[in-house]
Amino acid sequence: MNSFLSSFSSSNTNVFDSCPSSSNFTQFVHDAQSFLLLLSHIEEISWSSIRLSSSSDGSILTLHHTYIDLGDRSHDLYIDIPQRWPNERPRCRTNLPVEFNIEIWCPKTSRLIEIITNFHSVVNSLQSFWTQLNEVERDAIVLDEKPISYASTTRRLKMNDNVHVQIQIDPYNPCAFPSITFHGPPMLVRSFDERLEQNRNHWNDAHSNIILNLEHILDITFPSNIFLKSKSQTKDDQQQECGICYESTIDMNETIIYCETTNCFKQYHEKCWKIWLRKKVPQRGGCDVLDIVVDERMNTTTASGPCLFCKKNIIVN
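Keep in mind the model is a prediction, meaning the values are calculated, not measured.

**A word on the sheet that holds strand β6 (residues 164-168)**
What links the strands of a sheet is backbone hydrogen bonding, and the strands pair in either a parallel or an antiparallel sense.
Consideration 1: Taking strand neighbours across the sheet as the criterion, the three strands line up as β5-β6-β7 in an open arrangement whose pairing is antiparallel. Only two strands of the sheet have a single partner each, and these edge strands are β5 (154-158) and β7 (179-183). Averaged over all pairs of adjacent strands, the angle between strand axes in this sheet comes to 20°, irrespective of strand direction.
Consideration 2: Where β5 lies against β6, five bridges are found, and the strand directions are antiparallel. Looking across to β6, one finds that Thr154 is bridged to Gln168.

Here you go:
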C-alpha cells in the first residue's frame, strides 16, 4: 500500500501539499479495502475540489471543501473521517446559521459526494437570508464587530445615540417578523417596546426589506451609513460608549447602567461607574456618595450615586 500511495501522491502534489504524510495516511486507513474505498469516494468528488489534512495523532482525516455561492461568499465544509470509516459515519463542521449533520449513513451505499451535494443545496437555500442581512448592513448602522460570521443570525443596529436594537432573523424565513430586543435607558426601551407591541401586526412579510418594516411599525428613521459618510464620521462616532472609559457599551457581556434624566441618558459600564464614584468621593462636592443598600429579605442589592454629567441620582438594582 505504501508504494501505491507514494506513486499516487506524486501525481497529485497540489492536493497533498498540506496532506498527512504517507506513514500517517497508511496508519489511518486500517486495511486496503477501506483505503481504496476512500480513494474512490475522493475521485468521485474530484481531487481539485478538496484539501486533505489529519489530526496530530493521525486518528482523524479531514476533507476540506470550499464552495462559492451566488453572492460570491465563500463557505467551508470540513468532513472528518474517523479511523473506523466507513463503518463509523463521518462528522461535518461548517460555518452556517443552521445545523448541518449527516442524518443517515450506510457504510455500503452512502457516498461522501452526497454530503458535499447536500452542503451546496443548504448553502443555496440560504441565499435570501444572507441577502437580507446585506440589505440591513447597507441601510442601517450595524454595531457588531467586523467581520461578521456567516453563521450569525443577529445584528445590532443603532437607532439613536442612546438606544440600539438587536434583531434575530430566521434563516429559513428571513422576511418574517424577527426577534427584537431593545437596549438602552429603561424609559426609552419601554417606549419602543410599547410601540412594537401596538404595531407588530403591521409587519408585512411580503416586504423583503427589514429596515423599512421596522421604520414603519416603530415610526422612526434609522441613521444610515450614507449619512455618516456625508458627515465624515468615523467608526468611533457610531458607537454607544461609556461616559467614563469611553469604550463601547455594545458588548452584551457587560452590565450597562443608564442615567434616565431627560436630555442626558448617559451610559456607563456598571463596574466603571462604581469604581469612579469610590475614587472620586472627596471631589464630588454636594453630590451624594455611592450608597449600597442590601435587602436580605428580598435578596436584592441597590446601589445609588450621581451621574457624572447631569449630577442627577442613578439607582441600580
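What follows picks up the thread again.
**Examining the nonpolar core**
Consideration 1: Grouped together as the largest cluster of nonpolar side chains are 56 residues, with contacts concentrated most on Leu63 and Leu112.
Consideration 2: Top contributing element to this core by residue count: helix α4 (residues 112-125), with six residues.
Consideration 3: Each of domain 1 (32-125) and domain 2 (140-218) gives at least three residues to this core.
Consideration 4: Beyond its immediate stretch of four places on either side in the chain, Leu112 contacts Leu38, His41, Ile45, Leu63, Ile79, Ile81, Trp85, Pro90 and Trp105.

**Digging into the sheet that holds strand β1 (residues 50-54)**
Consideration 1: A sheet is described by the order of its strands in space; here four strands give the open sequence β1-β2-β3-β4, paired in antiparallel fashion. Among the strands making up the open sheet, the edge pair consists of β1 and β4 (91-94). Taken pair by pair, the neighbouring strands of this sheet meet at an average axis angle of 25°, ignoring direction.
Consideration 2: Bridge count for β1 against strand β2 (residues 60-68) is five bridges, and the pairing is antiparallel. Paired with Leu52 across the strands is Leu63, a residue of β2.
Consideration 3: Strand contacts of α4: β2, β3 (74-82) and β4, with the helix running at about 150° to β3, the strand carrying the most contacts.

**Quick look at the packing of helix α3 (residues 32-45) against α4**
Consideration 1: Taken N-terminus to C-terminus, the directions of α3 and α4 make an angle of 35°; their axes are 8 Å apart at the nearest point. Across the interface between the two elements, Leu38, His41, Glu44 and Ile45 of α3 pack against Leu112, Ile113 and Ile116 of α4.

**Quick word on the environment of Thr249**
Consideration 1: Tracing the backbone through its elements, the reader meets Thr249 in the loop between α9 (235-238) and β8 (256-258).
Consideration 2: Residues Thr249 and Tyr268, spaced 19 residues apart in sequence, show a C-alpha to C-alpha distance of 7.3 Å.
Consideration 3: The contacts of Thr249, once residues within four sequence positions are left out, are Gln240, Glu241, Cys242, Ile256, Gln267 and His269.
Consideration 4: Only 2.6 Å separates the side chain of Thr249 from the side chain of Gln267, close enough to count as a polar contact.

The rules behind the values
Residues numbered from 1 in each chain as written. Predicted model: local features only at pLDDT ≥ 70, side-chain atom pairs only at ≥ 80, totals over all residues. Heavy atoms only, no water. Pairing = 2+ DSSP bridges. Helix = DSSP H or I, 4+ residues; strand = E, 2+ residues; numbered from the N terminus. Axes fitted to C-alpha atoms, helices over the stretch in contact; angles between N-to-C directions. Core = buried A, V, L, I, M, F, W, Y, C linked by side-chain atoms within 4.5 Å. Buried < 20%, exposed > 50% of the residue type's maximum accessible area, 1.4 Å probe, protein only. Domains from an automatic or database assignment. Contact = heavy atoms within 4.5 Å. Polar contact = N/O pair within 3.5 Å; in protein donor to acceptor, adjacent residues only side chain to side chain.

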